[in-house]
Protein chains: 2
Amino acid sequence: MGIIKVGIDMSNIREIAKRAGIGIATVSRYLNDNGYVSEESKKKIQKVIEELNYTPNALARAVFTKNSKTIGLMVPNISNPFFNQLASVIEDYAKNMGYNIFLCNTDDDKEKEKNYLEVLKSHRVAGIIASRSQCKSEYSNINIPVVAFENHILDNIITVSSDNYNGGRMAFEHLYSKNCERILQIRGPKSFEATELRFEGFMDAAKDKGVEVSFIEFQSDFQVEMLEADINSMNDISQYDGIFVFNDIAAATIMRSLKKRGVTIPNQVKIIGFDNSFIGELLYPSLTTINQPIEEIGRTIVELLIKQINGDEVAVKDYILQTKLIERETTLSLEI
Amino acid sequence: MGIIKVGIDMSNIREIAKRAGIGIATVSRYLNDNGYVSEESKKKIQKVIEELNYTPNALARAVFTKNSKTIGLMVPNISNPFFNQLASVIEDYAKNMGYNIFLCNTDDDKEKEKNYLEVLKSHRVAGIIASRSQCKSEYSNINIPVVAFENHILDNIITVSSDNYNGGRMAFEHLYSKNCERILQIRGPKSFEATELRFEGFMDAAKDKGVEVSFIEFQSDFQVEMLEADINSMNDISQYDGIFVFNDIAAATIMRSLKKRGVTIPNQVKIIGFDNSFIGELLYPSLTTINQPIEEIGRTIVELLIKQINGDEVAVKDYILQTKLIERETTLSLEI
DNA sequence: ATGAAAGCGCTAACAG
DNA sequence: CTGTTAGCGCTTTCAT
């Protein structure tokens, strides 16, 4: 058994200094563009750096400065277009602020999240964005700033979310205004605070109008595997004339099931989703939905996190961003 | 201007050793589970670690071992379901092998890729997966193992891809077998080797049958913004009875355009995509497409990369994985 | 303007 | 089985 050679050999700052015939500290100053470095030294250093194709070791730097310039982003499911778009927005904002993203896919699985939390801690990320967290106490003794999205974690952790409750109300009111009478709600898993609030808003609005609403519960957000199996419990689906689905991608799977059964949308049944992710515009008919302000959510999360990272005072509270109705074809009154 | 406190204070191995009343090396041995540590010491260490909520600093460890246990993954567009699924597969395999993923979204932009390449180098990632790279010489003086997906980078870099050429041929042959006569191909940007090969395969197969094929070119993979604007140059779309689109998500946008114009699929026009990403099953009618073996691609890439990381001899060559036709509703012969 | 030296948190000989 | 020590690549006083 020979020795396995692992890892990368790259020249270091000492090598650069030696070859440039100057001191190590000067090179460091040059690299960080702070302190004084003579033009002559600059030229010499630059030359050697190019010759050796040298890149400073961000790890070693982070060990010393205790600032990794990295943000850990936990998403439950990168295949869900909504989280997908959110991750892109967050990546962009973070990059603008000089931070890189360490992306973690938790699959809404508590164990995976716990493991990733350890990974992020061990990598000394500057901050963590925990979306739809399934953990609580795991975050209690953490020394790292955290911003939660959707699910609350602990009292001392800021939570950002859309106004899901009112989104749910709007969804009902829209179906109601379209004269739907036999209404079904597909609700999300109980462990998703956001979809719970959508559920409650929808139900409360229905109660206000004295309308009864049936509902069935999905056990997960969206898995590619869901496409392989038919959605069961959907046998009696044709009795409804209005369906609210807890998110757009799940709505897409429902629409597919309906169309397979020959149910026409929006003629026989009207559909409304939630998120306003790009999938809704791709569907036919295009999906009426409740907009979550993705850009604003991403910006808010990153700003709040970086404020905390910088040690600024930030009031710990809920940041709730407005939702609004996006009317498209799945709830058209006329036949299409 | 006060001093901005940045970064995380976390206890270190010396603190643990002191509190446990033992030496620093013993703690290190305990942490890495190598070398001998007495039961008594183990207990004491464990206790202190829990009290202080200590997590070893992976950065400091990586500086010394020169092994970050991290793989950099460049994807052109995480919003494209295909790359989305591929990233998930790669993440899973990598995690099984003890590696974390540093995800970078290049947007098919050379400058972004260059920047990310610097970031990955500076973070001393153990290896890099460069999918659809827009760079060449930037990879030449790199000391890090690289595996390319789709686009070739340099002679000494392994490239993995699907059999895009034959996929293109299959696509034509399928439309031909469905009696399509006025065929259009939507081809991808010229800088995508994979879609170029699909284009050539399709064209060659058409030539073999003596069929003329029109084509138009998309300038990008898929952007959410494409949904806001209508696809232009599509005015005369109704004259075709068979369309091949270079990937599934672009096919989805085309289908949407067609449906908006009242063109019926597959009655008036048959559509075939490429990728077999989950979007195809979500569409209605469901999309006939060419399968790329995502699982196998992901596994192959990770295995080849880790072999190189471990210093094993790996022949530098092209790994081309088989494609196959997935027949669904957009090319049905009967009306639906 | 510059370099020597100490130290960030960790690992790995090596001597006991 | 354990602790001392040197050193990974970097930053930062501090004296020159």
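Residues numbered from 1 in each chain as written. Chains lettered and ligands numbered in written order. Predicted model: local features only at pLDDT ≥ 70, side-chain atom pairs only at ≥ 80, totals over all residues. Heavy atoms only, no water.

The name given to chain A in an unreviewed UniProt entry is LacI family transcriptional regulator, with the source organism recorded as Serpentinicella alkaliphila.

Visitor: Help me out: how do you make sense of the relation of the copies chain A and chain B in this one?
Guide: What relates the two chain copies is a rotation about an axis together with a slide along it. Least-squares fitting of chain A to chain B yields an RMSD of 0.1 Å, with the transformation described by 0.0 Å of translation along the axis and a rotation of 180°. Both copies are brought into coincidence by an operation consistent with a two-fold rotation axis. Of the interface residues in chain A, 100% have counterparts in chain B that sit at the interface too, so the contact is made through matching surfaces. (Least-squares fit on C-alpha atoms with pLDDT ≥ 70 in both. Contact = heavy atoms within 4.5 Å.)

Visitor: Just to check I follow, could you spell out the pattern of salt bridges for this structure?
Guide: A side chain with one charge may pair with a side chain of the opposite charge, provided their charged atoms come close. Inspection of the entire model under this criterion finds 33 salt bridges over all chains. Between A:Asp108 and A:Arg132 there is a salt bridge; the shortest N-O distance is 2.8 Å. Of this pair, A:Asp108 sits in the loop between strand 2 (100-105) and helix 6 (110-122) while A:Arg132 sits in the loop between strand 3 (127-131) and strand 4 (146-149), placing them 24 residues apart in sequence. Accessibility expressed as a relative area gives 4% for A:Arg132, which makes it buried. Linking B:Glu196 and B:Arg187 is a salt bridge whose minimum nitrogen-to-oxygen distance equals 2.7 Å. Residues joined in a network through salt bridges with shared partners are A:Asp108, A:Arg132 and A:Asp221. (Salt bridge = Lys/Arg side-chain N within 4 Å of Asp/Glu carboxyl O. Helix = DSSP H or I, 4+ residues; strand = E, 2+ residues; numbered from the N terminus. Buried < 20%, exposed > 50% of the residue type's maximum accessible area, 1.4 Å probe, protein only.)

Visitor: Would you take a moment to explain the nonpolar core for this structure?
Guide: Nonpolar side chains tend toward joint burial in soluble globular proteins. With 61 residues, the main nonpolar core has A:Ile71, A:Val160 and B:Val160 as its most contacted residues. The next biggest cluster of nonpolar side chains, apart from the first, holds 50 residues, and it includes A:Leu184, A:Phe222, A:Val263 and A:Leu287. (Core = buried A, V, L, I, M, F, W, Y, C linked by side-chain atoms within 4.5 Å.)

Visitor: Explain helix 7 (residues 164-177) of chain A here, please?
Guide: Because each turn of an α-helix spans 3.6 residues, side chains separated by three or four positions in sequence point in the same direction. All names here are of chain A. Compared with an ideal rise of 1.5 Å per residue, which puts 14 residues at 20 Å, helix 7 spans 20 Å between its outermost C-alpha atoms and is within 8% of the ideal. Those residues of helix 7 not exposed but buried are Asn164, Gly167, Gly168, Arg169, Ala171, Phe172, His174 and Leu175. Asn179 lies just past helix 7 and shows a positive phi near 65°. (Expected span 1.5 Å × (residues − 1).)

Visitor: Would you mind going over the interface of chain A and chain B with me for this structure?
Guide: Accessible area lost during the coming together of the parts is what is often quoted as the interface size. Across the contact, 65 residues belong to chain A and 65 residues belong to chain B. When chain A packs against chain B, the two sides together hide about 6,100 Å² of surface, and 57% of this comes from carbon and sulfur. Linking chain A with chain B are 16 residue pairs in polar contact (both at pLDDT 80 or more). For the side of chain A that touches chain B, the secondary structure elements donating two or more residues are helix 4 (58-65), helix 5 (81-96), strand 2, helix 6, helix 9 (248-260) and helix 10 (279-282) of chain A. When its residues are assigned to classes, the side of chain A that touches chain B shows 31 nonpolar, 21 polar and 13 charged. (Buried area = accessible area lost by both parts, 1.4 Å probe. Polar contact = N/O pair within 3.5 Å; in protein donor to acceptor, adjacent residues only side chain to side chain. Nonpolar A, V, L, I, M, F, W, Y, C, P; charged D, E, K, R; others polar.)

Visitor: Is there a simple way to explain the sheet that holds strand 9 (residues 270-272) of chain A in this structure?
Guide: Paired through backbone hydrogen bonds, the strands of a sheet run either parallel or antiparallel to each other. Residue and element names in this part refer to chain A. One open sheet holds the four strands; their spatial order is 7-6-8-9, and the pairing between them is parallel. Pairing within the sheet leaves two strands with one partner each, and these edge strands are strand 7 (213-217) and strand 9. Each strand of the sheet is rotated relative to its neighbour by a mean of 20°, with strand direction disregarded. Bridge count between strand 6 (residues 183-187) and strand 8 (residues 242-245): four bridges; the pairing is parallel. (Pairing = 2+ DSSP bridges. Axes fitted to C-alpha atoms, helices over the stretch in contact; angles between N-to-C directions.)

Visitor: Explain the domain arrangement of chain A here, please?
Guide: Domain annotation of chain A identifies domain 1 (10-65), domain 2 (70-162 + 294-322) and domain 3 (164-292 + 325-331). Centre-to-centre, using C-alpha coordinates, domain 1 of chain A lies 59 Å away from domain 3 of chain A. (Domains from an automatic or database assignment.)

Visitor: Explanation requested: the sheet that holds strand 11 (residues 318-321) of chain A in the structure shown.
Guide: All names here are of chain A. With respect to topology, six strands assemble into an open sheet ordered 2-1-3-4-5-11, the strand pairing being parallel. Looking at which strands have only one partner, the edges of the open sheet turn out to be strand 2 and strand 11. Taking the axes of each pair of neighbouring strands and ignoring which way they run, one obtains an average angle of 20° across the sheet. As paired strands, strand 1 (residues 70-75) and strand 3 are joined by four bridges and run parallel to one another. Following the sheet pairing, Ile71 is matched in strand 3 by Gly127.

Visitor: Is there a simple way to explain the pairing of strand 5 (residues 158-162) of chain A in this structure?
Guide: Each regular strand displays side chains that alternate between the two surfaces of the sheet. Residues and elements named next belong to chain A. Taking burial as the measure, the five residues of strand 5 include five buried ones, the bulk of the element. Both faces of strand 5 are covered, namely the face carrying Ile158, Val160 and Ser162 and the face carrying Thr159 and Ser161. Across three bridges, strand 4 lies against strand 5 in parallel orientation. Counted as the bridge partner of Phe149 is Val160 from strand 5. Strand direction decides the pairing type here: strand 5 and strand 11, joined by four bridges, are parallel. Paired with Ser161 across the two strands is Ile320, which belongs to strand 11.

Visitor: Whenever I open this one, the packing of helix 1 (residues 13-20) of chain A against helix 2 (residues 24-32) of chain A confuses me. Can you help?
Guide: Residues and elements named next belong to chain A. Packing of helix 1 against helix 2 brings their axes to within 8 Å, and their N-to-C directions diverge by 110°. Judged by the inter-axis angle, helix 1 sits roughly perpendicular to helix 2. For the pair helix 1 and helix 2, contact is made by Ile13, Arg14, Ile16 and Ala17 and by Ile24, Val27, Ser28 and Leu31, respectively. Residues that form the contact of helix 1 with helix 2 fall into these classes: six nonpolar, one polar and one charged. (Parallel < 35°, antiparallel > 145°, perpendicular 65-115°, else oblique.)

Visitor: Explain the UniProt feature "domain: HTH lacI-type" (unreviewed entry) in chain A here, please?
Guide: Per the UniProt record, the feature "domain: HTH lacI-type" (unreviewed entry) sits at residues 11-65 of chain A. Annotated as 71% helix and 0% strand, the span residues 11-65 of chain A places its first and last C-alpha atoms 21 Å apart. (UniProt positions renumbered as here; feature names shortened; annotations may be inferred.)

Visitor: Which parts of the structure should I look at to understand the protein's contact with DNA strand C?
Guide: Around DNA strand C lies a shell of 24 residues, among which A:Tyr36, A:Lys66, B:Ile13, B:Tyr54 and B:Arg61 are the nearest. Within the backbone of A:Ser38, one N or O atom sits 2.7 Å away from a phosphate oxygen of DNA strand C. Contributing elements (two or more residues each) for the surface near DNA strand C: helix 2 and helix 4 of chain A together with helix 1 (13-20), helix 2 (24-32) and helix 4 (58-65) of chain B. Among the residues making up the surface near DNA strand C, the classes are represented as 12 nonpolar, eight polar and four charged. (Near = heavy atom within 4 Å.)

Visitor: Even after reading the chapter, I still don't get unusual backbone geometry, so can you show me in this structure?
Guide: The general pattern is negative phi for most residues beyond glycine and trans for most peptide bonds. Residue A:Tyr284 is joined to A:Pro285 through a cis peptide bond whose omega torsion reads -5°. Tracing the backbone shows A:Pro285 in the loop between helix 10 and strand 10 (289-291). Here the phi dihedral of A:Glu150 falls at roughly 70°; this positive angle occurs in a residue that is not glycine. Tracing the chain through its elements places A:Glu150 in the loop between strand 4 and strand 5. Despite not being glycine, B:Asn179 has its phi angle at roughly 65°, a positive value. Within the secondary structure layout, B:Asn179 lies in the loop between helix 7 (164-177) and strand 6 (183-187). Residue B:Asn179 is classed as exposed on the basis of its relative accessible area of 61%.

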